[in-house]
Amino acid sequence: MKEIQGRPLPLGTTMIGNTVNFSVAVPQEKECQLLLYRVGRKKPCAIYEMNKEIGEVRYLALKDIEVTEYEYNYRIDGQIVVDPYVKMIAGRENWGRKRDINKHEVRGVFYNEPYDWEGDMPLCLPYCSVIAYSLHVRGFTKHTSSKVENRGTFRGVIEKIPYLKDLGINQIQCMPIYDFEECQRYRNYWGYGSAYWFAPKGSYAASKDAVKELRDMVKACHKAGIEVVLEMPFNGDISKQTMEECLRYYMIEFHIDGFILNPQVAPMAAIYADPILKKTKILVHRIDFQTVMRRFLKGDEGMVTGVMYWLRRNSENDGTLNCITGQNGFTLFDLVSYDRKHNEENGENNQDGPEYNYSWNCGAEGPTRKKAVVRLRNNQMKNAFFLLLLAQGTPCILSGDEFGNTQKGNNNVYCQDNPTAWIDWQRLEQSGELHDFVKKLIEIRKKYRVFCPKEEMLGIDQVSCGVPDVSYHGENAWRVPSEVYSRQLGVYYSGAAVGGEDCFVAYNMHWIPHSFALPALAKGKQWYKIASTEEGILEAPELLKDQRMVVLKERTIMVIVGGREHGTGEKEENRSDFISVEMDRDHHDVD
């Protein structure tokens, strides 16, 4: 091989034919060398001085180099440095094995393998159609109960795609998948902190090719109609410009559909304006929805006004996700099973993790055989899913919540690389009834357009149908029960605004029963119950005996739809709204 004139940009390695350009940022006055290794070796076989510089960028190029035979690093002021722009890393393939960079045990790989995308492109699903699912690539399938061949890997996620599709999921949101250092004082299971941002994590691959396996996972998800979103919690080790470049890289090279960013760190204005990222979903986590809905769920006073706001808030406006639970905090099962966090196993004297969880144990702390407590917990989990999936923003389910996965009260499993943090798929067999409820509730969200409109409802009559697109009710129709002591709310959605059926959802989070006045429907229409906390999702709509008022038990939610009964005298071809038990799901599915 021969050293030739290189270029300062782009940073990292650029391969054109059998020529490789090397460019790396180096503080002024510091020495820099390029180290080449034979593949798999820990001793450099060639060393090149990097003297040419522009600003703080050193660069050179090598001609006639067979990249498949070599790996590389830099030595800067005597310290071995892995290229911050490296696309794949050798030596980090085994999870949990400590490797010493200064002993050349970690090296950069020249990756330029072609990949057949088979015509794949990012899906660009409408925000209003998304049902998101948050997962940790390792923890999602690492437990033996996952019954996948490639546990804890990108391939393991692929094996679970049929499950996700059956549940109704069309977007997965992955916790960090770039190459981070897990071997720290406490095991860095989540993956936050400094990292090689451009390199997919080698230990998340079943083979030695993490780049190909991440591409395979994205392509397989897209074939199933599922978007892939990556959480990218950049820190101060990376420049704003490099953050933007990193997102473009994953979007172009891996067809990623979106990113979850920290708006306090990432250059949001520049990212929104970037022409490459214009159709990419840029999402952010905020806890406002979560806090309001958790407090309403457990019966706190003064929540009704906040609930009204978040039930109709559209996520497309600012990329905000609706989550009842997330990796930072309790799982849903633990949210209704523990009053206090139980993080003793983390080794920090239970001082770590969120202090304010707005949880309620329903009468007993942790595991219990008390039937009344178990029944109440099951009902509360269903209520939580009602609040999440009937709100109009983009809902995101924490993996395993749909079958009651537990972390045994630990609300900060960042260091728990063990069954405490892994998804226990045995719970699916034990809590199949909850899973089926969630699956059917997702179907209801997709069927009835009022729960996922393209535009945010405004509380006004937008189509001159005589009623607002959304209105709020209590014991009296058209009167908001907004008193500070109120713990109940009725929400009436006018189907005319979106071309679907009228729906009414009654929320009673009080510990006593409450009545709800039902707004009068247009002539010929009647109210039908289709779901409730106690009864689940009904097999067929049930005509309400009292069309003016409905009484809900304590801590109960009910979903009612307006439709015409058979025999009203109206011609069949003129009926565009709900008819008896006929549910045309395909017509109203927004996917």
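Keep in mind that what you see is a predicted model, and the values were worked out from it rather than measured.

Chemist: Can you explain the sheet that holds strand S19 (residues 321–322)? Please cite residues and give values.
Modeler: Strand order in the open sheet formed by seven strands is S18-S17-S16-S13-S12-S20-S19, and the pairing between neighbours is parallel. Each edge of the sheet is formed by a strand with only one pairing partner; in this case those strands are strand S18 (281–284) and S19. Where strand S17 (residues 258–261) meets S18, four bridges bridge the pair, whose relative direction is parallel. Across the sheet, Gly258 pairs through a bridge with Lys281, a residue of S18. Running at roughly 145° to strand S20 (residues 394–398), helix H10 (residues 371–389) makes contact with S19 and S20 of the sheet.

Chemist: Outline helix H7 (residues 288–298), supporting the account with residue identities and numerical values.
Modeler: Counting buried positions along H7 gives eight out of eleven residues, so the element sits mostly inside the fold. All of the buried residues in H7 are Phe289, Gln290, Thr291, Val292, Met293, Arg294, Phe296 and Leu297. Gly299 sits one or two residues past H7 and shows a positive phi near 95°.

Chemist: Quick rundown of the environment of Gly258? Include the residues and the values.
Modeler: Counting through the fold element by element, Gly258 comes out in strand S17. Linking Gly258 and Met121, residues 137 residues apart in sequence, is a C-alpha distance of 13 Å. Gly258 has contacts with Val228, Val229, Leu230, Thr280 and Lys281, leaving out every residue within four places of it along the chain.

Chemist: For the environment of Trp95, give the residues involved together with the corresponding values.
Modeler: Examined against the element boundaries, Trp95 turns out to sit in the loop between strand S10 (89–90) and strand S11 (107–109). Trp95 gets classed as buried once you look at its relative accessible area, which sits at 15%. In contact with Trp95, other than residues within four places in its own chain, are Arg138, Phe180, Glu182, Arg187, Asn188, Tyr189, Lys201, Ser203, Tyr204 and Asp417. Of note is the side chain of Trp95, whose polar atom sits 2.6 Å from the side chain of Asp417.

Analysis parameters
- Residues numbered from 1 in each chain as written.
- Predicted model: local features only at pLDDT ≥ 70, side-chain atom pairs only at ≥ 80, totals over all residues.
- Heavy atoms only, no water.
- Pairing = 2+ DSSP bridges.
- Helix = DSSP H or I, 4+ residues; strand = E, 2+ residues; numbered from the N terminus.
- Contact = heavy atoms within 4.5 Å.
- Axes fitted to C-alpha atoms, helices over the stretch in contact; angles between N-to-C directions.
- Buried < 20%, exposed > 50% of the residue type's maximum accessible area, 1.4 Å probe, protein only.
- Polar contact = N/O pair within 3.5 Å; in protein donor to acceptor, adjacent residues only side chain to side chain.

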